[in-house]
Amino acid sequence: MLRPEQMSKVSVAGSQRVLGDVIEAIHDLDLVHLSDYDGGIEGFDNGDPLEGADEAAEKLVTVRSLKSILEVSGDDAGPTRIVTDEALEEELEEIRVEANELDDRRGDLEDELRDVEERIDEVEPFADLGVDLDLLQGYETLQVAVGTGNGDSVRAALAESERVDAFEVFAGDDTLAAFVYPDGDDDTALDDALVGVDFTRIEVPEDAEASPGEYVAKLRDERNTIETKLDRVEAELAEFRQEHAGFLLAAEEKLAIDVQKAEVPLQFASTERAFVAEGWIPSDEYDAFDESVRAAVGEHAAVEELERADYEPAGHGQHAPAEDHDAEAATDGGTSAEFDESDSPPVVQDNPGPVTPFESLTEVINRPKYTELDPTVILFLTFPAFYGFMIGDLGYGILYTAIGFWLYRSFDSEMITKLGGVAMWAGGFTALFGVLYGEIFGLHLVTEYLWHGALGLADAPLKKGLHVGAFAELWLAASLVFGIVHLAIGYVFGLVNESRSHGVKTAITESGGQMLLMLGVGTWLFSTHMQSGGGPRPELLYRVVDLVPGIAGGLPPIVGKVALVAALAGLVLVTIGEGAAGFLESPTYALVNTVSYTRIAAVLLAKAGMAYVVNLLVFGAYETHLENPETIDYMFGLFTTTIEHETHFMVFSGAHGHEPLFPGLIHMGWGGVLAGVVVLVLGHLLVLALGVTSAGLQTLRLEYVEFFNKFYEGGGEKYNPFGYTRNYTTED
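Within any chain, residue numbers begin from 1 and follow the written order of that chain's sequence. Confidence filtering applies because this is a predicted model: local features only for residues at pLDDT of at least 70, side-chain atom pairs given and counted only at 80 or more, and all residues used for totals across whole chains, interfaces and linings. Computation of side-chain values: all heavy atoms of the structure, hydrogens and water removed.

- The name that an unreviewed UniProt entry assigns to the protein is A-type ATP synthase subunit I, with the source organism given as Halobacterium jilantaiense.
- UniProt positions are given in the numbering used here, feature names are shortened, and annotations may be inferred rather than shown by experiment. Taken from UniProt, the Function (unreviewed entry) comment for the protein reads in full: "Component of the A-type ATP synthase that produces ATP from ADP in the presence of a proton gradient across the membrane."

## A closer look at the nonpolar core
In step 1: To qualify as a nonpolar core, a set must consist of buried Ala, Val, Leu, Ile, Met, Phe, Trp, Tyr and Cys residues joined through side-chain atoms within 4.5 Å. Relative accessibility under 20% of the residue-type maximum defines a buried residue, over 50% an exposed one, and the middle range a partly exposed one, all with a 1.4 Å probe and only protein chains included. Residues Trp 475 and Phe 526 are the most contacted members of the largest nonpolar core, which totals 73 residues.
In step 2: Note on conventions: DSSP H or I runs of at least 4 residues are helices, E runs of at least 2 residues are strands, and numbering of each starts at the N terminus. Take this core: its biggest share by element is 12 residues, from helix α14 (residues 469–501).
In step 3: The contact criterion used throughout is that any non-hydrogen atoms of two residues lie within 4.5 Å. With residues up to four places along the chain from it excluded, the contact list for Phe 526 reads Ala 477, Leu 480, Val 481, Ile 484, Leu 541, Tyr 542, Val 544, Val 545, Gly 554 and Leu 555.
In step 4: Residues Val 83, Ala 245, Phe 247 and Val 259 belong to the second largest nonpolar core, which totals 36 residues.

## A word on unusual backbone geometry
In step 1: Phi is positive for Asp 30, close to 55°, though the residue is something other than glycine.
In step 2: Residue placement: Asp 30 occurs in the loop between α1 (19–29) and β2 (33–34).
In step 3: On the accessibility criterion, Asp 30 (27% relative accessible area) is partly exposed.
In step 4: With phi around 55°, Glu 71 is a residue other than glycine that occupies positive phi space.
In step 5: Here Glu 71 is to be found in the loop between α2 (53–70) and α3 (85–129).

## Focus: the UniProt feature "transmembrane region" (unreviewed entry) in the protein
In step 1: The feature "transmembrane region" (unreviewed entry), as annotated in UniProt, sits at residues 377–407, 419–438, 474–496, 508–527, 562–584, 596–622 and 670–692 in this numbering.
In step 2: End C-alpha atoms of residues 419–438 are separated by 28 Å, and the span's content is 95% helix alongside 0% strand.

## Description of the sheet that holds strand β13 (residues 639–649)
In step 1: The three strands lie next to each other as β13-β12-β14, forming an open sheet whose pairing is antiparallel. Looking at strand neighbours, the two that pair on one side only are β13 and β14 (660–662), the edges of this open sheet. Direction aside, neighbouring strands of the sheet carry axes that sit 45° apart on average. Strands are treated as partners if at least two bridges between them are detected by DSSP. All axes here are fitted lines through C-alpha atoms, helices being fitted over the stretch that makes contact, and every angle between N-to-C directions spans 0 to 180 degrees.

## Quick look at a nonpolar patch on the surface
In step 1: Patch membership needs two things, relative accessible area over 30% and no salt bridge, and members are linked within 9 Å if like-charged or within 5 Å if nonpolar (Val, Leu, Ile, Met, Phe, Trp, Tyr). The accessible surface values rely on the Shrake-Rupley method and a 1.4 Å probe; as for residues, cover is taken only from the protein chains in view. Any Lys or Arg side-chain nitrogen found within 4 Å of a carboxyl oxygen on Asp or Glu counts as a salt bridge. A contiguous nonpolar surface patch, about 440 Å² in accessible area, is contributed by Val 677, Val 678, Val 681, Leu 682 and Leu 685.
In step 2: Looking at the element boundaries, Val 677 is found in helix α19 (residues 669–707).
In step 3: For Val 677, a relative accessible area of 47% translates into the label partly exposed.

## Quick notes on the packing of aromatic side chains
We describe a pair of aromatic rings using the distance from one ring centre to the other and the angle between the two ring planes.
In step 1: Two aromatic rings, drawn from Phe, Tyr or Trp (for Trp, its six-membered ring), form a pair once their centres lie within 6.5 Å of each other, and the interplanar angle then sorts them: stacked below 30 degrees, edge-to-face above 60, tilted otherwise. Tallied over the entire structure, the rule returns 30 aromatic pairs.
In step 2: Pairing Phe 389 with Phe 433 gives two aromatic rings, centres 5.6 Å apart and planes at 85°, and the pair type is edge-to-face. A residue pair is termed long-range when its members are at least 10 positions apart, and Phe 389 in helix α10 (residues 376–391) and Phe 433 in helix α12 (residues 414–437) qualify at 44 residues. The same class applies to Phe 389 as to Phe 433, namely buried.
In step 3: Note on Phe 708 and Phe 711: the rings are 6.0 Å apart at their centroids and 40° apart in plane angle, and the pair reads as tilted. As far as the burial class goes, Phe 708 and Phe 711 line up, both buried.
In step 4: Feature note: the residues Phe 386, Phe 389, Phe 433, Tyr 437, Phe 471, Trp 475, Phe 482, Tyr 597, Tyr 634 and Phe 639 constitute an aromatic cluster, connected by ring pairs.
In step 5: By definition, being over a ring means that NZ of Lys or CZ of Arg is both within 6 Å of the ring centre and within 35 degrees of the ring normal. Above the plane of the ring of Trp 524 lies Arg 537, whose end atom (NZ or CZ) is 4.0 Å from the centre.

## Focus on empty space enclosed by the protein
In step 1: Space inside and on the surface of the protein is sampled on a 1 Å grid over the protein atoms alone, with a cavity defined as a set of points where a 1.4 Å probe fits but cannot get out and a pocket as an open set with protein on both sides within 12 Å along at least 5 of 7 lines; lining residues have an atom within 4 Å of a point. Grid points are joined across faces, edges and corners, and a volume is the space filled by probe spheres set on the points. Per the counting criterion, the structure on display carries four cavities of 30 Å³ or more.
In step 2: Put simply, the largest cavity is a space of about 110 Å³.
In step 3: Surrounding the largest cavity, Glu 439, Gly 442, His 444, Lys 463, Lys 464, Gly 465, Leu 466, His 467, Val 468, Ala 608, Ala 611 and Tyr 612 form its lining.
In step 4: Nonpolar residues are Ala, Val, Leu, Ile, Met, Phe, Trp, Tyr, Cys and Pro. Charged residues are Asp, Glu, Lys and Arg, and all others, Gly as well, are polar. Looking at the lining of the largest cavity residue by residue, the class counts come to five nonpolar, four polar and three charged.
In step 5: Along the walls of the second largest cavity sit Ile 391, Asp 393, Tyr 396, Glu 439, Gly 442, Lys 464, Lys 607, Ala 608, Ala 611 and Val 687, which together make up its complete lining.
In step 6: The greatest single-element share of the lining of the second largest cavity, amounting to three residues, is contributed by helix α18 (residues 599–619).
In step 7: Residues belonging to the lining of the second largest cavity are distributed by class as follows: five nonpolar, one polar and four charged.

## Structural notes on the packing of α2 against α3
In step 1: With their axes 10 Å apart at the nearest point, α2 and α3 run at an angle of 40° to one another. With respect to α3, the element α2 is oriented oblique. α2 and α3 meet at a crossing whose hand is left-handed. Judged by residue contacts, Glu 55, Lys 59, Thr 62, Val 63, Leu 66, Ile 69 and Leu 70 of α2 engage Leu 88, Glu 89, Leu 92, Ile 95, Arg 96, Ala 99, Asn 100, Asp 103 and Arg 106 from α3.
In step 2: Residue classes in the contact of α2 with α3 are distributed as eight nonpolar, two polar and six charged. Angles below 35 degrees are treated as roughly parallel, those above 145 as roughly antiparallel, those between 65 and 115 as roughly perpendicular, and all remaining angles as oblique. The sense of a crossing depends on the near helix, which, turned anticlockwise from the far helix by less than a right angle, makes the crossing left-handed and, turned clockwise, makes it right-handed.

## Observations regarding the domain arrangement of the protein
In step 1: Marked domain ranges trace back to an automatic or database domain assignment. Segmenting the protein into domains produces domain 1 (117–216) and domain 2 (466–590).
In step 2: With centres defined by C-alpha atoms, the gap from domain 1 to domain 2 works out at 82 Å.

## A few points about the UniProt feature "coiled-coil region" (unreviewed entry) in the protein
In step 1: As recorded in UniProt, the sites labelled "coiled-coil region" (unreviewed entry) are residues 85–119 and 216–243.
In step 2: The annotated region residues 85–119 carries 100% helix and 0% strand content, and the separation between its end C-alpha atoms amounts to 50 Å.
In step 3: This span, residues 216–243, is 100% helix and 0% strand, and a straight line between its end C-alpha atoms measures 40 Å.

## Remarks on the pattern of salt bridges
In step 1: For the structure on display, the rule yields 31 salt bridges.
In step 2: Two residues, Asp 111 and Arg 114, come together in a salt bridge whose shortest N-O distance is 2.8 Å. Pair noted here: Asp 111 and Arg 114 are both in helix α3, with a separation of three residues, about one helical turn.
In step 3: Judged by its relative accessible area of 43%, Arg 114 falls in the partly exposed class.
In step 4: Of the charged contacts, one joins Glu 713 and Lys 369 as a salt bridge, the two residues approaching to 2.7 Å between their closest N and O atoms. Of this pair, Glu 713 sits in the segment after α19 while Lys 369 sits in the loop between α9 (359–365) and α10, and the two are 344 residues apart along the sequence.
In step 5: Note on Glu 713: relative accessible area 53%, which makes it exposed.

## Quick notes on the environment of Leu 60
In step 1: Here Leu 60 lies in helix α2.
In step 2: Sequence-wise, Leu 60 and Leu 541 are 481 residues apart; in three dimensions their C-alpha atoms are separated by 68 Å.
In step 3: Once residues lying within four places of it in the same chain are set aside, the contact partners of Leu 60 are Glu 252, Leu 255, Ala 256 and Val 259.

In structure tokens form, the structure reads like this:
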């Protein structure tokens, strides 16, 4: 779970006459992540594609072109089928000829339609003007300009021009035509007069008919005729697609498989008579791989497990013994293999089903290296818990879960379906904390009907802190504890990774020193050392400590002193490992990273406040001050606080004689009811959306910036076995 599946480097060597059978065997097995031959074996070169590779590739290009022409998608597939070589020769050619003919007809009609629409766009302004086209051109002394612009500005400019003897301006709804007699033989009088005027010239078409209105009407009729023909061709193409889509999808799949098999020898080491292929497989699949190849070619090929890769990143390994490939042998002396970073195995993350969706969050940064601990399980344990704790509402949790389920079921993308799984987990924890907080869409109905009504408790086990201030302080201090624990896990991961890759000394002086510094300062914060007479730390820090049985009022001074010694030791280690830069960064390691987790409490209060404001505007609320303050046990008796006043929303009733904080829109007549419904829906949708952008992003920030930075590099290669998952074809 914290490590990827163990991988083995395997090889197959044999004569060229069994090459095809070996390729078929390993392709059907869909297990081998093939390695590219790098020229390292004397006398061997990269192999050549199998016979027929070029022909299959050309047909594959043809099929994909036909799919594009006919707009074939996976939704058009019929039942799986066998595609024969004869069908690829004959049926594919028939489809190609007819599809190209239909596509050519469609293309010609689209060109005609485009030409007609361009002519309509060209002539429509003149139809709007209402002046025949032959009256707008062909004059020797009269100058004419047609365009769009401000008619009054054009007239004023022509009237002010001393070079214009006479003029007339005709205007339609959008088009102007200016006719000008210049003063004397002045060829540019009209153009110069219109400089700086709001006027854009339009060229008069020379080949159009005299009456632009009739010409536009004729063009529109022509456009309708072309569109009708185009619709008929589109209908023929749709019918043709429905008839042949299944074959094209199956043909593409068969040809893709053929090309994949034919070109794979390019990755092999080859001579005229022999070949060697190497690749990685999961170690527990070696026996299946060996049996499959031997079943195909018998003793005509040699199968060997070259190495069983351990999780050490330094050096290259010894070969595993050929006679012993079982799991126990792989862990005994001399049989495991270390490997160079340049020959790192592909990564197959080994997480149980519920954890798998969170691999999408890890892959946002990068796939873990084969030598790294996989943090996905920690994301699974912390991300939905942090998120649910911050939002904590049954109604929002149900909606988040529904959205996640929709993403999970509605998309083919593996990444989106995994994100849907993450959303469902986050929604589930949001609903769980919502029940513990006793809230649904910010209303305390769960408290009233479950905790108080059904179970007889005075209140819900938890409160967000808006009305019970002690909880606001508790969550602020608890956020620091969350941070200390979360960061400590990250440092432990860093210790493991660094000890393997750089040695124990480096691990201790880097991750170990930072962890000691953080744990020491963090523990001292919750101790009473140096706290007599007021001290530097607020009392709210001790509310968390009070929850631990047998401890009250903070950790004892001796614990604080030991913690400071540990922090000092951590500072020394960091300085040794990182030098002056480490010393300068020590405040960040000691406290800044931990304090960053207080954003958990901040978002919790912010989201609770937003939901409270929405409900206050809609329903109104009143506050009661208790003459005899009540002492109530929370957190199932672990936490006790005194309640001096209570706030009640007026959902089903009025203020019971109390002064309302706000009367609420729904108590202001029918207009107020309608406005209240709008505010209620839009307000809670806004809180729902901001829950993703605030709680979601802040949680991701804690995971990626604070947690991952302590140990994670990433950069592992994705496991991509040689094979093909058939969707449209069958060999039976």
